[in-house]
Amino acid sequence: MRNTKILATVGVSFMMIAATAMSGCSFFDTPEDDGGTVQNSGKLHVEGTPQCNSDYTNGLGYSVTVTGILKNDTKKDYSYVSITYTLYDAEGNNIGTALDNTNYLSKGESWRFSATTLGWVDVEPVSYKCSNITAF
């Protein structure tokens, strides 16, 4: 088994794909009425740049984990929150997803997530992006 950290040093193809892949993902809260003006600055959002690690197992493939912090800057408490990352190969093909979920994320709280693939992927991912945040 070998550990591989997916970082900007992967090469030029990573740099081209990563232009959008490293951008944050956010889920906007329902706009609040504040004396006649609509406010929508409250959101669930990923802080900083999440890290992606892949582990290779002979005969199975790569197991991938994306770790980071999701911040609840809304005015709501959520009973359920999930985050999904799409994984890409060197040619920009979607090769799978990694996901995590939690219960009870209160307003103002942060959640340290660890989104993982539910199986193995055949090709080592070279980039990733946050594709969805669901909350209710």
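Reading the values: rules and limits
- Residues numbered from 1 in each chain as written.
- Predicted model: local features only at pLDDT ≥ 70, side-chain atom pairs only at ≥ 80, totals over all residues.
- Heavy atoms only, no water.
- Helix = DSSP H or I, 4+ residues; strand = E, 2+ residues; numbered from the N terminus.
- Buried < 20%, exposed > 50% of the residue type's maximum accessible area, 1.4 Å probe, protein only.
- Contact = heavy atoms within 4.5 Å.
- Areas by Shrake-Rupley, 256 points an atom, 1.4 Å probe, with all protein chains shown as cover.
- Pairing = 2+ DSSP bridges.
- Core = buried A, V, L, I, M, F, W, Y, C linked by side-chain atoms within 4.5 Å.
- Phe/Tyr/Trp six-rings, centres within 6.5 Å; stacked < 30°, edge-to-face > 60°.
- Polar contact = N/O pair within 3.5 Å; in protein donor to acceptor, adjacent residues only side chain to side chain.
- pLDDT = per-residue confidence, 0-100.

Right, let's talk about the overall build of the chain for a bit. Summing up its helical and strand segments, the chain has 1 helix and 10 strands in all. Moving toward the C terminus, one meets the helices and strands of the chain in the order β-α-β-β-β-β-β-β-β-β-β. Classification of the 136 residues of the chain by burial places 38% in the buried group. A separation threshold of at least 6 residues defines the contact pool for the chain, and within that pool the share at least 24 residues apart is 67%. For the chain, the exposed area adds up to about 7600 Å²; of that, 50% sits on carbon and sulfur atoms.

Moving on: the pairing of strand 8 (residues 94–105). When strand 7 (residues 78–88) meets strand 8, the two strands line up antiparallel, connected through 10 bridges. Bridged to Tyr 88 within strand 8 is Asn 94. The antiparallel hairpin formed by strand 7 and strand 8 contains 5 residues in its connecting segment, where Gly 92 sits at a positive phi of about 85 degrees. Sheet analysis places strand 8 next to strand 9 (residues 110–117), joined by 2 bridges and oriented antiparallel. Each residue of the ladder has a partner; that of Ala 98, found in strand 9, is Thr 117.

Counting 23 residues, the largest nonpolar core has Val 66, Leu 70, Val 81, Ile 83, Tyr 85, Phe 113 and Ile 133 as the members making the most contacts within it. Of all the elements in the fold, those that place two or more residues in this core are strand 5 (43–57), strand 6 (61–72), strand 7, strand 8, strand 9 and strand 10 (127–135). When sequence neighbours within four positions are dropped, the list of residues in contact with Ile 83 reads Val 46, Leu 70, Ala 98, Leu 99, Asp 100, Trp 111, Phe 113, Cys 130, Asn 132 and Ile 133.

Per the stated rule, a full pass over the model turns up 5 aromatic pairs. Through successive ring pairs, a cluster of aromatic residues spans Tyr 85, Trp 111, Phe 113 and Tyr 128.

On to the side chain of Ser 82, then. Mapped onto the elements, Ser 82 comes out in strand 7. Given a relative accessible area of 10%, Ser 82 falls into the buried group.

Moving on to the environment of Asp 100. Relative to the helices and strands, Asp 100 resides in strand 8. Residue Asp 100 is classed as buried on the basis of its relative accessible area of 18%. Spatially, the C-alpha atom of Asp 100 lies 4.4 Å from that of Ala 115, the residues being 15 residues apart in sequence. Polar contacts involving the side chain of Asp 100 include one to the main-chain amide nitrogen of Ser 114, which spans 2.8 Å.

Along the chain, Asn 72 falls in strand 6. Looking at Asn 72, its side chain comes within polar contact range of the side chain of Thr 74, at 2.5 Å. Dropping the residues within four chain positions of it, Asn 72 is found in contact with Lys 43, Leu 44, Tyr 78, Leu 105, Ser 106, Lys 107, Gly 108 and Glu 109.

Should the pLDDT be low somewhere, the predicted coordinates at that spot are not to be read in detail. Per-chain confidence: the chain averages 79 in pLDDT, with 71% of residues scoring 70 or above. Of the regions scoring below 50 in pLDDT, residues 30–40 engages in 10 contacts with residues more than four places distant in sequence or in other chains.

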